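One-letter residues, chain by chain:
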Amino acid sequence: MGAGAVGAILALELAHHNVASIVVERAVTGPYHPGLDFLAGRSMELLRRLGLTALIREHGVSPDLPTGLEWSQGLDDPPILVSPGESATAPLDDGSLPVERHQRVSGAKLASKLRDAVRRHPLIDLREGWTFTGLRIEPDGAVAELVEGGTGDRHFVSARHVAGCDGAHSTVRRCLEVPMEQLAAPVRHCSVYFRSEDLTRRFARRGLSTVIVGGVALVARGDHDTWVGHLGLAPDEPITTDPVAMLRVMLGVRLDPTEVLGVTQWDDSLAVAATYQRGPAYLVGEAAHRFHPVTDSADISIGDAIDLGWKLAAVINGWGGPGLLASYELERRPRALIDREMLGRALETRRRFSRLAKAGATRELLAEVLQQEPDLLGTTGFQIGDRLASSVIWTDDRPQWPRPDQVPPTISPGGRAPAVWFGDGSHLFDRLGRELTLVDLTDDGAGRHLAAAAQERGIPMAHLVAADPAVCARWDHCLVLVRPDLHVAWRANAVPDDWDPILDLVTGRKTT
């Protein structure tokens, strides 16, 4: 996801919590290639809380388009292994599944529409065409140096907090002197964007979006017969003047794209920032982790923006303590490290497949090698757990991580609250409050006194009575405190003897 889109989502998240912000954005040029971002259902349900899902789906491609993956030795050869991809017919009334389906959308188009929403919002001051050039950290905040577009005038803006959503070449990160830590030495790649009716006819109509052919990954872009071929390059291999010819050679067959849309060079450095915070300044999205274009998934960047957004709002509005902002890195950086490891494993699987195929390995051996890998080899990101281990999540003495032979609880501290439809057709998530929500499944509404006590302390906490049969069937605790990002901050089956320590911890006023 582009830096502008992440910045817009963060700005809208802050405004959602009634926090004014200034957004600085350089002049935006058109995209060099028709890139699409993948938004998993988890991201879409978070964006649903900001009222953005209809806008995204309006400008995205159909979620019914194929997401399957095929491995083969050649375009004209039968497949060695096929993974069907995400099911379009998966039921959405199971609490473990997102309330929203996945979506592919043009990153440039999404950024443009989000920019329109930011322009219209009364709490957001969007400075378009301006350039952020420097940052100075001070004891009580930060001073940002900005250059006004058109005039070239230099401005200095004092701010309590600064969020750097300025992409892989982040100026904020450079000013903070935060290094990027790479997983391994990067490998060079070339990507060719083109249209091909032949590839669509061969693969997309069979439910496939990605085809691994030897050392080339062919990925459908979702509309108008558009594809991209990702080619791995040797360290000393030059980019030829005709990358399409190079693509044909590597595929080993005649390929006649009707139109070449663009060519880019990149490396799979897979880097994560050494820290996400220096004083009042934070790194968000691709400024904090560089995974694109290894993956098209925008989920981790959206997760960053939502996490930091509600926590900044809580601190600015006076009910969040310093431990809340400190938990941003504790919760988000491990997520990036996990994704980096899985992306690195997927890339190595592709390289191993290419090496073995070139060495003449049999189809049976190649299939056996691929079957040893997890079903995480596509380009749509990884859905490995969504449970947080955090300094602002209340836990008790009972184990939170069950053994593999145990059934995990549906409500766990740090886990995502189950998504459940009520009997009247409405959804529980749509009834949650803007800030914290105490979901109450007790017979006597026992949670109302807890919510009232929180409000007396200035902590905005909605009280949601949800003793609906559908909820009771899937929630195994009757008092559950849900954060704005839909994670469980605390749960119990009885009113606690002392509520204040719990409130102190989940709001970051006192951490463990």
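Residues numbered from 1 in each chain as written. Predicted model: local features only at pLDDT ≥ 70, side-chain atom pairs only at ≥ 80, totals over all residues. Heavy atoms only, no water.

Quick rundown of the overall build of the protein? Include the residues and the values.
For the protein, the count of helices and strands is 14 helices and 25 strands. Within the protein, buried positions represent 52% of all 512 residues. In the protein, the proportion of contacts linking residues at least 24 apart, taken out of those at least 6 apart, comes to 73%. (Helix = DSSP H or I, 4+ residues; strand = E, 2+ residues; numbered from the N terminus. Buried < 20%, exposed > 50% of the residue type's maximum accessible area, 1.4 Å probe, protein only. Contact = heavy atoms within 4.5 Å.)

Which residues make up the sheet that holds strand β17 (residues 259-267), and what values go with them?
The sheet built from seven strands is open, its strands ordered β5-β4-β14-β15-β16-β13-β17 with mixed pairing. A single partner strand is all that each edge strand has here, and the edge strands are β5 (81-83) and β17. Taken over all neighbouring pairs, the strand axes of this sheet differ in orientation by 15° on average, direction set aside. Pairing analysis gives five bridges linking strand β15 (residues 216-220) to strand β16 (residues 226-232), with the strands arranged antiparallel. Across the sheet, L218 pairs through a bridge with G229, a residue of β16. (Pairing = 2+ DSSP bridges. Axes fitted to C-alpha atoms, helices over the stretch in contact; angles between N-to-C directions.)

Tell me about the sheet that holds strand β18 (residues 271-273), and please be specific about residues and values.
Strands pair in a sheet through their backbones, by hydrogen bonds, and they do so in one of two ways: parallel or antiparallel. The antiparallel open sheet is built from three strands, whose spatial order is β12-β18-β21. Sheet topology places β12 (180-182) and β21 (289-290) at the edges, where each strand pairs with a single neighbour. One ladder, built from three bridges, connects β12 with β18; its direction is antiparallel. By the bridge assignment, M180 is partnered in β18 with A273. The sheet strands contacting helix α9 (residues 322-358) are β12, β18 and β21, and the helix crosses β18 at an angle near 170°.

Which residues make up the packing of helix α1 (residues 3-16) against helix α8 (residues 299-316), and what are the values?
Viewed as axis vectors pointing N to C, α1 and α8 meet at an angle of 30°, and their least axial separation amounts to 8 Å. As far as their axial angle goes, α8 and α1 are roughly parallel. In this structure, the crossing between α1 and α8 has a hand that is right-handed. The segment α1 lies against α8, with V6, I9, L10, E13 and L14 engaging S301, I302, A305, I306, L308, G309, W310, L312 and A313. Taken together, the residues of the contact of α1 with α8 break down into eleven nonpolar, two polar and one charged. (Parallel < 35°, antiparallel > 145°, perpendicular 65-115°, else oblique. Left-handed = near helix turned anticlockwise from the far one by under 90°. Nonpolar A, V, L, I, M, F, W, Y, C, P; charged D, E, K, R; others polar.)

So, the pairing of β16: which residues are in play, and what are the values?
Buried residues dominate β16, accounting for six of its seven residues. Of the strand pairs in this sheet, strand β13 (residues 188-195) and β16 are connected by seven bridges, and their pairing is antiparallel. Following the sheet pairing, S191 is matched in β16 by H230.

Describe the pairing of strand β22 (residues 436-440), naming the residues involved and giving the relevant values.
For β22, the tally of buried residues reaches five of five residues, placing the bulk of the element in the interior. Neither face of β22 is left uncovered, since the one carrying L436, L438 and D440 and the one carrying T437 and V439 both have all their residues buried. Strand direction decides the pairing type here: β22 and strand β23 (residues 461-465), joined by five bridges, are parallel. Within β23, the position partnered with V439 by the bridge is L464. Across four bridges, β22 lies against strand β24 (residues 479-482) in antiparallel orientation. By the bridge assignment for β24, V439 is matched with V480.

Got a sec to walk through the environment of R278? Specific residues and values, please.
Within the secondary structure, R278 is located in strand β19 (residues 277-278). Note on R278: relative accessible area 35%, which makes it partly exposed. Beyond its immediate stretch of four places on either side in the chain, R278 contacts I137, L176, E177 and V178.

Could you give an account of the packing of aromatic side chains, naming the residues involved and the relevant values?
In this structure the tally under the stated criterion is five aromatic pairs. For the ring pair W71 and F353, a centre distance of 5.0 Å and an interplane angle of 70° mean the geometry is edge-to-face. With W71 in strand β4 (residues 68-72) and F353 in helix α9, this residue pair connects regions lying 282 residues apart in the sequence. Taking relative accessible area as the criterion, W71 reaches 0% and is therefore assigned buried. With a centroid separation of 5.1 Å and 65° between ring planes, the pair formed by W490 and W499 is classed as edge-to-face. Judged by its relative accessible area of 3%, W490 is buried. Positioned above the aromatic ring of W130 is the side chain of R127, whose terminal nitrogen or guanidinium carbon lies 4.9 Å from the ring centre. For the cation-ring pair, R431 lies above F422, with the distance from its terminal atom to the ring centre recorded as 3.8 Å. (Phe/Tyr/Trp six-rings, centres within 6.5 Å; stacked < 30°, edge-to-face > 60°. Lys NZ or Arg CZ within 6 Å of the ring centre and 35° of its normal.)

Got a sec to walk through the pattern of salt bridges? Specific residues and values, please.
Under the counting rule described, the total for this entry stands at 29 salt bridges. The residue D125 makes a salt bridge to R127 at a minimum N-O spacing of 2.8 Å. We classify R127 as partly exposed; its relative accessible area is 24%. Ionic pairing is found between D307 and R483, a salt bridge with its closest N-O pair at 4.0 Å. Of the two residues, D307 is situated in helix α8 and R483 in the loop between β24 and β25 (488-492); the sequence distance between them amounts to 176 residues. Taking relative accessible area as the criterion, R483 reaches 2% and is therefore assigned buried. One network of salt bridges, with partners in common, ties together D307, K311, E331, R483 and D485. (Salt bridge = Lys/Arg side-chain N within 4 Å of Asp/Glu carboxyl O.)

Go over the environment of R119, please, and point to the residues and values.
Mapping R119 onto the fold places it in helix α4 (residues 107-120). Put simply, R119 and V23 are 96 residues apart on the chain and 10.0 Å apart in space, counted from C-alpha to C-alpha. Discounting chain neighbours no more than four positions away, the residues touching R119 are L126 and E128. Among the polar contacts listed, one links the side chain of R119 to the side chain of E128, at a separation of 2.7 Å. (Polar contact = N/O pair within 3.5 Å; in protein donor to acceptor, adjacent residues only side chain to side chain.)

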